[in-house]
Amino acid sequence: MNPLATALLAFSMSADAFAAAIARGASSGKLRTAQVAQIALTFGIVETLTPLIGYGAGIIAAPFIEAFDHWIAFGLLLVLGGKMIRESLSPADEAEADGSAADKQAAMPSKWLLLITAVATSIDSMIVGVSLAFLEVNIWLTALAIGSSTTLMAVIGIKLGGVLDSVIGKRAELFGGIVLIGIGTFILLEHLGLMA
């Protein structure tokens, strides 16, 4: 996977954390620098570890599905990207209803609530990690890129959360979904010999 694809993948994987960070910033008011760092690093560290876990699982399964691994990678990224796009297009009032309880607790998040939120927003990265096991990638560099971009986007999301409308998070998720589908399509076409 080339550097541009790695960067696009990293930022698309940070979309969920960015959206969650905007919601947290909007509901928490002004946070101290140490609190922002704790939240952002929690998201970033979890988002670094989950693709590694997925990659390990994929490596174990790779010998059994090598002949059609590119179809699996394409299918996983297509479903995941479609899910992100669908969620980004869901009505705002429905999204608010789903997140209202979490938003009320977000003002003073416990460490456990923060960790659970970070894990929930990183499940997508684990699935991508499984897909990456079937490709020639440097998983350590890719996982680090995903974690770093998530940390950065979480900081930006928290800072902007109190100022910008939550629709920004929806747009980030839409973009992330489109990028994932694009990467999956590129992988499939490359393995089928339709791209150089």
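The rules behind these values
Residues numbered from 1 in each chain as written. Predicted model: local features only at pLDDT ≥ 70, side-chain atom pairs only at ≥ 80, totals over all residues. Heavy atoms only, no water. UniProt positions renumbered as here; feature names shortened; annotations may be inferred. Helix = DSSP H or I, 4+ residues; strand = E, 2+ residues; numbered from the N terminus. Phe/Tyr/Trp six-rings, centres within 6.5 Å; stacked < 30°, edge-to-face > 60°. Buried < 20%, exposed > 50% of the residue type's maximum accessible area, 1.4 Å probe, protein only. Expected span 1.5 Å × (residues − 1). Bend = angle between axes of the 7 residues up to and from the residue. Arc of directions from axis to C-beta. Polar contact = N/O pair within 3.5 Å; in protein donor to acceptor, adjacent residues only side chain to side chain.

Those places that UniProt annotates as "transmembrane region" (unreviewed entry) correspond, in this numbering, to residues 112-134, 140-162 and 174-194. Structurally, residues 112-134 is divided into 91% helix and 0% strand, and its ends, taken at the C-alpha atoms, are 33 Å apart. Across residues 174-194, helical content stands at 86% and strand content at 0%; the span's end C-alpha atoms are separated by 27 Å.

This next bit is on the packing of aromatic side chains. Throughout the structure, instances matching the rule amount to one aromatic pair. Ring geometry for tryptophan 71 versus phenylalanine 74: centroids 6.4 Å apart, planes at 85°, classification edge-to-face. A residue pair is termed a helical-turn pair when its members lie 3 or 4 positions apart in one helix, as tryptophan 71 and phenylalanine 74 do in helix α4 (residues 69-88) at three residues. The partly exposed category is assigned to tryptophan 71, whose relative accessible area is 45%. For phenylalanine 74, a relative accessible area of 18% puts it in the buried group.

So, on to helix α3 (residues 33-65). Helix length check: α3 (33 residues) gives 47 Å between terminal C-alpha atoms against 48 Å at 1.5 Å per residue, within 8%. At isoleucine 59, α3 is bent by approximately 35°, the largest bend along its length, and proline proline 63 sits one to four residues beyond.

Turning next to helix α1 (residues 3-13). Side chains that are three or four residues apart share a direction in an α-helix, a result of its 3.6 residues per turn. Within the span of α1, buried status applies to Ala5, Thr6, Leu9, Ala10, Ser12 and Met13. One face of α1 carries all of its buried residues, which in axial projection span an arc of 165°. Residues of α1 that are exposed and angled more than 90 degrees away from the buried face: Pro3 and Leu4. Among the residues of α1, the N-terminal cap falls to asparagine 2, whose side-chain oxygen and the backbone nitrogen of leucine 4 are separated by 3.1 Å.

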